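# Summary of structural features
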Amino acid sequence: MTSNLPPVRGTLTPNRPLADLTWMRVGGPADWLFQPADVDDLAQFLAALDPDVAVFPMGVGSNLIVRDGGVRAVVVRMGRGFNGIAFDGTRVRAGAAALDAHVARKAATEGLDLTFLRTIPGTIGGAVRMNAGCYGSYMADVLESVTVVLRDGTVTEMAADALALAYRQSTLPNGAVIVGAVLNAPKGDPAALDQRMADQLAKRDETQPTKDRTAGSTFRNPAGFSSTGRADDTHDLKAWKVIDDAGMRGATRGGAVMNTKHSNFLTNAGGATAADLEGLGEDVRKKVYDSSGITLEWEIMRVGEPAADT
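Report follows, based on the coordinates. (Residues numbered from 1 in each chain as written. Predicted model: local features only at pLDDT ≥ 70, side-chain atom pairs only at ≥ 80, totals over all residues. Heavy atoms only, no water.)

## Re the packing of helix α2 (residues 100-109) against helix α5 (residues 190-207)
- Relative to each other, α2 and α5 sit at 155°, their axes nearing to 8 Å. Compared by their axis directions, α2 and α5 come out roughly antiparallel. On α5, the residues touching A104, R105, A108 and T109 of α2 are P190, L193, D194 and M197.
- The residue makeup of the contact of α2 with α5, split by class, is five nonpolar, one polar and two charged. (Axes fitted to C-alpha atoms, helices over the stretch in contact; angles between N-to-C directions. Helix = DSSP H or I, 4+ residues; strand = E, 2+ residues; numbered from the N terminus. Parallel < 35°, antiparallel > 145°, perpendicular 65-115°, else oblique. Contact = heavy atoms within 4.5 Å. Nonpolar A, V, L, I, M, F, W, Y, C, P; charged D, E, K, R; others polar.)

## Topic: the environment of E278
- On the secondary structure map, E278 appears in helix α7 (residues 274-292).
- On a C-alpha basis, the gap between E278 and T252 in space is 11 Å, while along the polypeptide they are 26 residues apart.

## Here we look at the sheet that holds strand β1 (residues 11-17)
- Strands sit in the order β1-β2-β5-β3 across an open sheet of four strands; the sheet is mixed. Strand pairing shows two members of the sheet lacking a second neighbour, β1 and β3 (55-58), which therefore form its edges. This sheet shows a mean twist of 30° between the axes of neighbouring strands, independent of strand direction.
- Relative to strand β5 (residues 71-77), β3 is paired through four bridges, and the arrangement is parallel. In the sheet register, M58 faces β5, and the bridge partner there is R77.
- Contacting β1, β2 (29-35), β3 and β5, helix α1 (residues 39-48) runs over the sheet at an angle of about 130° to β2. (Pairing = 2+ DSSP bridges.)

## Quick word on the packing of aromatic side chains
- Enumeration according to the criterion identifies two aromatic pairs in this entry.
- Between the aromatic rings of F34 and F45, the centroid separation amounts to 4.3 Å while the plane-to-plane angle is 40°, which identifies the pairing as tilted. With F34 in strand β2 and F45 in helix α1, this residue pair connects regions lying 11 residues apart in the sequence.
- Relative accessible area serves as the criterion here: at 0%, F34 is assigned to the buried category.
- Note on F219 and W298: the rings are 5.0 Å apart at their centroids and 50° apart in plane angle, and the pair reads as tilted. Linking F219 in the loop between α5 and α6 (239-245) with W298 in the loop between α7 and β16 (301-303), this pair joins segments that are 79 residues apart in sequence. The pair F219 / W298 is uniform in exposure class, with both members buried. (Phe/Tyr/Trp six-rings, centres within 6.5 Å; stacked < 30°, edge-to-face > 60°. Buried < 20%, exposed > 50% of the residue type's maximum accessible area, 1.4 Å probe, protein only.)

## A few points about the pattern of salt bridges
- Taken as a whole and assessed by the stated rule, the structure comprises 15 salt bridges.
- D38 is the salt-bridge partner of R9, the closest N and O atoms lying 2.7 Å from each other. Of this pair, R9 sits in the segment before β1 while D38 sits in the loop between β2 and α1, and the two are 29 residues apart along the sequence.
- For R9, a relative accessible area of 52% translates into the label exposed. (Salt bridge = Lys/Arg side-chain N within 4 Å of Asp/Glu carboxyl O.)

## Focus on the sheet that holds strand β15 (residues 266-268)
- Reading across the sheet, the three strands line up as β13-β14-β15 and stay open at both edges, with antiparallel pairing between neighbours. Each edge of the sheet is formed by a strand with only one pairing partner; in this case those strands are β13 (252-253) and β15.
- As paired strands, strand β14 (residues 256-258) and β15 are joined by three bridges and run antiparallel to one another. Within β15, the position partnered with V257 by the bridge is T267.

The structure is reproduced here in structure tokens:
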């Protein structure tokens, strides 16, 4: 990629390895990693950047596999200039880099119920893009608007309705970077909200491999919705159930394994490559289809190029 990139106030690093920036700890380098100082820095950079240069926004890498050959793009990773959280009545304005868990905790102290975000790994930007949700609640239920920087550097606000939010997906203009969101949260008693979050964390730690190197749920539930956590929750079309039925709990490839604690958690058990992880995921998809006729859809985003043949 051209080294003639626009000047910035933030940090612009060539050939930056990305493995240490993802939860899976795999993957090759980005051509460039851009950590903008603030929205203006990002907007000015994108306005001046050759429109043929690809841009990939990255959060904390909690739901991401970067392939072993790296990413032929400018990867944008937002930090302190994008993690603010502010309140105005029932509205919560959060920067794209604000952690979902932090937003949930701070909202609870304000008597606002965003408790479903407490156990979701990642940032608000990723939560919007994926319409993250659990326990029967989704970003779509509370999202009012998002601020984005378009690929040409234009800063604009988009109403939630314009994003076509659906189960684990949204529609954004090509090359757009989410920089902030406004959520409208229902009210609740702070103590009750804190207790609910504590209960959710305990349940998560009991049922999910939170101490292992994963990227969260690997596949979307074929049922088309998240677990509700209620006693009447059905498991027939849960991803973990069809993986189990296909005999793939504990399946391995290289250093990758389908976690024995929760089989919808693809795990780097040590020394896995991105190819191991993605390959095992594809093995699972084939086995599930062969056994049930169900085609599992990836929830983890996979980006970049495979390693060059040696």
